[in-house]
Amino acid sequence: GAIVRDHQGAIPDTASGLMSLPGVGIYLAAAVLVHGFGRPMVVLDSDTRRVARRLRGRPASTGSWQARMDLQQLSGDAGPDPAFNAAVSDLAALVCLEVDPRCDECPVRRYCATGLSRAPLV
């Protein structure tokens, strides 16, 4: 359909091009650009936003823009590559849970504002 009709059969390699496709929003566009095209950018969803917010000690009302900026900064000089994005997503799914986060098991607790505010490290 749209890829053939509007993009000469090639998958778009820009966020705006991808989001012009039916059903593609910013999350899917970012995921395709990172994992399909190797672009250094943050793949943000509600779970990775939670990780960013907790790492920086920001309130629950922290917006997507701030969370993206925080994760971009935390990714280092190379930027948020596929491995970084996968690590943040895995951290959110396995350790930095929405309810009852497992701060005592967190590999980045020493750098996390929320983790450091909890029980002392042993």
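All of these numbers come straight from a predicted model, not from anything done at the bench. (Residues numbered from 1 in each chain as written. Predicted model: local features only at pLDDT ≥ 70, side-chain atom pairs only at ≥ 80, totals over all residues. Heavy atoms only, no water.)

*Asks:* Pulling in residues and values, what's your account of the pattern of salt bridges?
*Replies:* Opposite charge on two side chains permits them to pair, given that their charged atoms come into close proximity. Scanning all chains against the criterion turns up five salt bridges. When salt bridges that share partners are traced, they join Arg-56, Arg-58 and Asp-70 into one network. (Salt bridge = Lys/Arg side-chain N within 4 Å of Asp/Glu carboxyl O.)

*Asks:* Please give an account of the state of the cysteines that cites residues and values.
*Replies:* A complete count under the given rule lists zero disulfides for this structure. Here Cys-112 stays unpaired: no disulfide links it, and the sulfur of Cys-106, its closest cysteine neighbor, is 6.0 Å away. The class of Cys-112 is buried, set by a relative accessible area of 8%. (Disulfide = S-S within 2.5 Å. Buried < 20%, exposed > 50% of the residue type's maximum accessible area, 1.4 Å probe, protein only.)

*Asks:* Can you tell me about helix 3 (residues 26-37), naming the residues and giving the values?
*Replies:* Note: α-helices contain 3.6 residues per turn, so residues at a spacing of three or four share the same orientation. In this model, helix 3 (twelve residues) spans 15 Å end to end at C-alpha, consistent with the 16 Å of a helix rising 1.5 Å per residue. Here helix 3 has its buried residues at Ala-29, Ala-30, Ala-31, Leu-33 and Val-34. Buried residues along helix 3 sit against helix 2 (15-19) and helix 6 (82-94). Just downstream of helix 3 lies Gly-38, where phi reads positive at about 70°. (Helix = DSSP H or I, 4+ residues; strand = E, 2+ residues; numbered from the N terminus. Expected span 1.5 Å × (residues − 1). Contact = heavy atoms within 4.5 Å.)

*Asks:* Account for the nonpolar core, with residues named and values stated.
*Replies:* Counting residues in hydrophobic clusters, the biggest one holds 15 residues, and the most contacted among them are Leu-44, Val-51, Leu-71, Val-88 and Leu-91. Secondary-structure elements contributing two or more residues to this core are helix 4 (46-56), helix 5 (64-74) and helix 6. The dominant element in this core, judged by the number of residues it contributes, is helix 6, at four residues. Leu-18, Leu-21, Val-24 and Leu-33 belong to the second-largest nonpolar core, a separate cluster that totals six residues. (Core = buried A, V, L, I, M, F, W, Y, C linked by side-chain atoms within 4.5 Å.)

*Asks:* Before we move on, can you summarise unusual backbone geometry with the specific residues and values?
*Replies:* For Gln-8, which is not a glycine, the phi torsion comes out positive at approximately 50°. Under the relative-accessibility criterion, Gln-8 is labelled exposed at 70%. Even without being a glycine, Asp-100 presents a positive backbone phi close to 55°. Structurally, the position occupied by Asp-100 is in the loop between helix 6 and helix 7 (113-117).

*Asks:* For the packing of helix 4 against helix 5, give the residues involved together with the corresponding values.
*Replies:* Contact pair helix 4 / helix 5: the axes reach a minimum separation of 9 Å and the direction vectors enclose 70°. As summarised for this structure, helix 4 and helix 5 are arranged roughly perpendicular, according to the angle between their axes. Residues Thr-48, Arg-49, Ala-52, Leu-55 and Arg-56 of helix 4 lie in contact with helix 5, whose contacting residues are Ser-64, Ala-67, Asp-70, Leu-71, Gln-73 and Leu-74. In terms of residue class, the contact of helix 4 with helix 5 is built from five nonpolar, three polar and three charged. (Axes fitted to C-alpha atoms, helices over the stretch in contact; angles between N-to-C directions. Parallel < 35°, antiparallel > 145°, perpendicular 65-115°, else oblique. Nonpolar A, V, L, I, M, F, W, Y, C, P; charged D, E, K, R; others polar.)

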